[in-house]
Amino acid sequence: VDVPSQSFRLWQLIHKGVVVRINDKVDQRVREQMQVSFQYKDEGYMVQLYLKSTLLKEFFISRQDIRLAEGGRKNAVLPYGDEFLWFSCCRLRRLLAFVSAAGGL
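Residues numbered from 1 in each chain as written. Predicted model: local features only at pLDDT ≥ 70, side-chain atom pairs only at ≥ 80, totals over all residues. Heavy atoms only, no water.

A.B. asks: Help me understand the sheet that holds strand E3 (residues 34–41), please; the structure alone is not making it clear to me.
C.D. replies: The strands making up a sheet associate through hydrogen bonds between their backbones, and the pairing can be parallel or antiparallel. Spatial strand order, E1-E3-E4-E5: four strands in an open sheet with antiparallel pairing. Strands at the two margins of the open sheet, each flanked by one partner only, are strand E1 (5–9) and strand E5 (54–61). Going across the sheet, the axis of each strand differs from the next one's by a mean of 20°, ignoring polarity. Across the sheet, helix H3 (residues 63–70) is in contact with strand E4 (44–51) and E5; its angle to E5 comes to roughly 65°. Those strands touched by helix H4 (residues 89–103) are E1, E3, E4 and E5, and its axis lies near 130° from that of E1. (Pairing = 2+ DSSP bridges. Helix = DSSP H or I, 4+ residues; strand = E, 2+ residues; numbered from the N terminus. Axes fitted to C-alpha atoms, helices over the stretch in contact; angles between N-to-C directions. Contact = heavy atoms within 4.5 Å.)

The structure is reproduced here in structure tokens:
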């Protein structure tokens, strides 16, 4: 069974308003080349940030986080990955729904 997954360039997520902020320690040249991969796993999403083939950061967005993004945290901007990226919850929820639909979930 195929697992829903999708990769995006970081600038695409910034342009869509999903990523609102990036840790200040990340160099501009690194930001321009970063890839962000979302893969469905255990009712949540494993998020991996790559620079070419090097894994920079990995974190998990749980089912509970997704449910809260539909309700109370809808308008919040929250940090993930030890404050590596800040996501707009409502736009992140919409992106994850897109990834699920594209993967056939």
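Structure's up, so let's keep going.
A.B. asks: Any chance you could explain the pattern of salt bridges here in plain terms?
C.D. replies: A side chain of one charge can pair with a side chain of the opposite charge when the charged atoms of the two come close. A complete count under the given rule lists six salt bridges for this structure. Note that Arg 93 is salt-bridged to Glu 70, the shortest N-O span being 2.7 Å. Taken together, the positions of Arg 93 in helix H4 and Glu 70 in helix H3 put the pair 23 residues apart, joining distant regions of the chain. With a relative accessible area of 25%, Arg 93 lands in the partly exposed category. Overall, Glu 70 belongs to the partly exposed group, its relative accessible area being 31%. Put simply, Arg 67, Glu 70 and Arg 93 are held in one network by salt bridges that share partners. (Salt bridge = Lys/Arg side-chain N within 4 Å of Asp/Glu carboxyl O. Buried < 20%, exposed > 50% of the residue type's maximum accessible area, 1.4 Å probe, protein only.)

A.B. asks: Any chance you could explain the sheet that holds strand E7 (residues 85–88) here in plain terms?
C.D. replies: One open sheet accounts for three strands, arranged E2-E7-E6; its pairing is antiparallel. What marks the edges here is a single partner per strand, and that holds for strand E2 (19–22) and strand E6 (77–80). Going from strand to strand, the sheet's axes swing by 25° on average, the running direction of each strand aside. Taken strand by strand, H4 contacts E6 and E7, and its axis lies near 80° from that of E7.

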